[in-house]
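Residues per chain, in single letters:
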Amino acid sequence: MTMRTSRAIAATLLAGVVTATGLLTGAAAAQAEPVTAGTFTMTGDPGDWVTGGATYSYDAGAGDQLSIRADDQLRGVYLSINGSNGDWWSMELKAPAGQQLAVGEYPDATRAPFSGAGAGIDISGNGRGCNTITGSFVVADVAFGPHGYVERLDATFEQHCEGGEPALRGRVVIGNPPPPAPLEFTVTPAADGVFSKLNGKATVHGTVVCNADATVQLSGLVTQVKKKVIIRGPFTGRVDCVEGETAQWSATADPTGTTPFQRGKVEVTGSAWANDPNYQGETVQVELAPTTVTLTRAPAAVEALM
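Owing to the predicted nature of the structure, the values given are computational and were not obtained by experimental measurement.

Novice: So what exactly am I meant to see when it comes to the state of the cysteines here?
Specialist: What is meant by a disulfide is a covalent connection between two cysteines, made through their sulfur atoms. One pass over the full model with this rule turns up two disulfides. Shown here is the disulfide that connects cysteine 210 with cysteine 241, its sulfur atoms set 2.3 Å apart. Given an S-S torsion of about 125°, the disulfide between cysteine 210 and cysteine 241 has right-handed geometry. Residue cysteine 210 is located in strand 14 (residues 202-210), and its partner cysteine 241 is located in strand 16 (residues 229-241); the two are separated by 31 residues in the primary sequence. Of the two residues, cysteine 210 and cysteine 241, neither departs from the other in class, the shared state being buried. Across the protein chain, the disulfide pattern expressed with sequentially numbered bonded cysteines is 1-2, 3-4.

See the structure below:
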């Protein structure tokens, strides 16, 4: 390797060295997504506790806020309504255990989420709800996307409180855009790196390619064997990845023992993760393929900065 090439590699590495801490390690449950186009209507018989015998109607196109999601198994959907007039309601419809919510009739529904293996229903809000529920619902259309995204839902429902005769009846119609693609990214370690003879640290680097803008966090381990001595050092890193572009990352590993990293081959292992910008609360994680990297000494002008 020429000195010019060595200096160029070292400068590229050091320009992106990161020492991020407190990294995320797991995925949260799917969060409700705002409804782009949708309506919710319900009316109650005289004596119905939840509606008070009144009629209610909400429309996302008229300024009411509707949000919806499905659970991870696509068994149930959860709708929240915040009316522009200050009303607030929630609805849960749930298929029997072991089933995904699909087009069809769901009789004999009881109060969700306490419906056990059976179908579930629960419409409540404005400070009113039922302790026990009997009811039914019919799904005329439903379509899901990734991570609990609800693209379409057309369902009618009937609910009775406390075993009473008065009923609440209504319909929900949701029409969201096609779901965005989930976040995907690849992390590739480069085959070269540098070490500092002054402090024994090693800097490795590579590339990240994403299908959406995301901040990618990295965590890994650099391992080297010299004269039957195992040298290990952890590294962390962070890089802002732009959709369709190749982002450069680099990170420095500090040996945990007294033996410094040296010229020669090391193995780089680890993982990377990022929050999906299209699906709130979802974290995507990928493993770095174990990569053999050849370390050369960093130029004297920069190795002290490692």
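Novice: Looking at this structure, I do not really get the pattern of salt bridges. What am I missing?
Specialist: Where charged atoms from two side chains of opposite charge come close, those side chains can pair. Taken as a whole and assessed by the stated rule, the structure comprises five salt bridges. One salt bridge in this structure joins aspartate 154 and arginine 171, with 2.7 Å as the shortest N-O distance. With aspartate 154 in strand 11 (residues 150-161) and arginine 171 in strand 12 (residues 167-175), the pair connects residues that are 17 residues apart, well separated along the chain. In this structure, glutamate 158 engages arginine 169 in a salt bridge whose closest nitrogen and oxygen atoms are separated by 3.5 Å. You can see glutamate 158 sitting in strand 11 and its partner arginine 169 sitting in strand 12, a full eleven residues away along the chain.

Novice: Just to check I follow, could you spell out the side chain of asparagine 176 for this structure?
Specialist: Within the secondary structure, asparagine 176 sits in the loop between strand 12 and strand 13 (185-195). Taking the relative accessible area as the measure of exposure, asparagine 176 reaches 8% and is therefore buried. Other than its neighbours up to four places away in sequence, asparagine 176 contacts Pro34, Val35, Thr36, Ala37, Ile68, Tyr149, Val150 and Glu151.

Novice: In this structure, what is going on with the nonpolar core? I would like to understand it.
Specialist: One finds Phe40, Leu66, Leu79, Phe137, Leu153, Phe157 and Val172 to be the most contacted residues of the largest nonpolar core, which totals 37 residues. Sort the elements by how many residues they give to this core and strand 11 lands first, with five residues. Ignoring any residue separated from it by four or fewer positions in sequence, one finds phenylalanine 137 in contact with Leu93, Lys94, Leu101, Gly104, Glu105, Tyr106, Ala109, Ala119, Gly120, Ile121, Thr156 and Phe157. Listed in part, the 30 residues of the second largest apolar core include Leu218, Phe235, Cys241 and Ala247.

Novice: I would appreciate a short explanation of the confidence of the model for the protein chain in the present structure.
Specialist: Close inspection of predicted coordinates is inappropriate in any region flagged by low pLDDT. Mean pLDDT over the protein chain works out to 90, with 90% of the residues at or above the 70 mark. Low confidence marks residues 1-29, where pLDDT is under 50. Its contacts with residues over four positions away, or in another chain, come to 49 contacts.

Novice: I keep staring at the sheet that holds strand 8 (residues 104-111) and nothing clicks. Help me out?
Specialist: Within a sheet, adjacent strands bond to each other through the backbone by hydrogen bonds, running parallel or antiparallel. On the basis of which strands lie adjacent, the open sheet formed by eleven strands has the order 2-5-6-7-9-8-10-11-12-3-4 and mixed pairing. Of all strands in the sheet, those with a lone pairing partner are strand 2 (33-34) and strand 4 (55-59), marking the two edges.

Novice: Is there a simple way to explain the packing of aromatic side chains in this structure?
Specialist: Pairs of aromatic rings are described using the distance from one ring centre to the other and the angle between the two planes. Going through the model one piece at a time under the given rule, you end up with five aromatic pairs. On the basis of an interplanar angle of 15° and a centroid distance of 4.7 Å, the ring pair of tyrosine 106 and phenylalanine 137 is categorised as stacked. Pair noted here: tyrosine 106 is in strand 8 and phenylalanine 137 is in strand 10 (residues 133-144), with a separation of 31 residues, a long-range link. Overall, tyrosine 106 belongs to the buried group, its relative accessible area being 7%. Judged by relative accessible area, which is 1%, phenylalanine 137 ranks as buried.

Parameters at a glance
- Residues numbered from 1 in each chain as written.
- Predicted model: local features only at pLDDT ≥ 70, side-chain atom pairs only at ≥ 80, totals over all residues.
- Heavy atoms only, no water.
- Disulfide = S-S within 2.5 Å.
- Helix = DSSP H or I, 4+ residues; strand = E, 2+ residues; numbered from the N terminus.
- Buried < 20%, exposed > 50% of the residue type's maximum accessible area, 1.4 Å probe, protein only.
- Salt bridge = Lys/Arg side-chain N within 4 Å of Asp/Glu carboxyl O.
- Contact = heavy atoms within 4.5 Å.
- Core = buried A, V, L, I, M, F, W, Y, C linked by side-chain atoms within 4.5 Å.
- pLDDT = per-residue confidence, 0-100.
- Pairing = 2+ DSSP bridges.
- Phe/Tyr/Trp six-rings, centres within 6.5 Å; stacked < 30°, edge-to-face > 60°.

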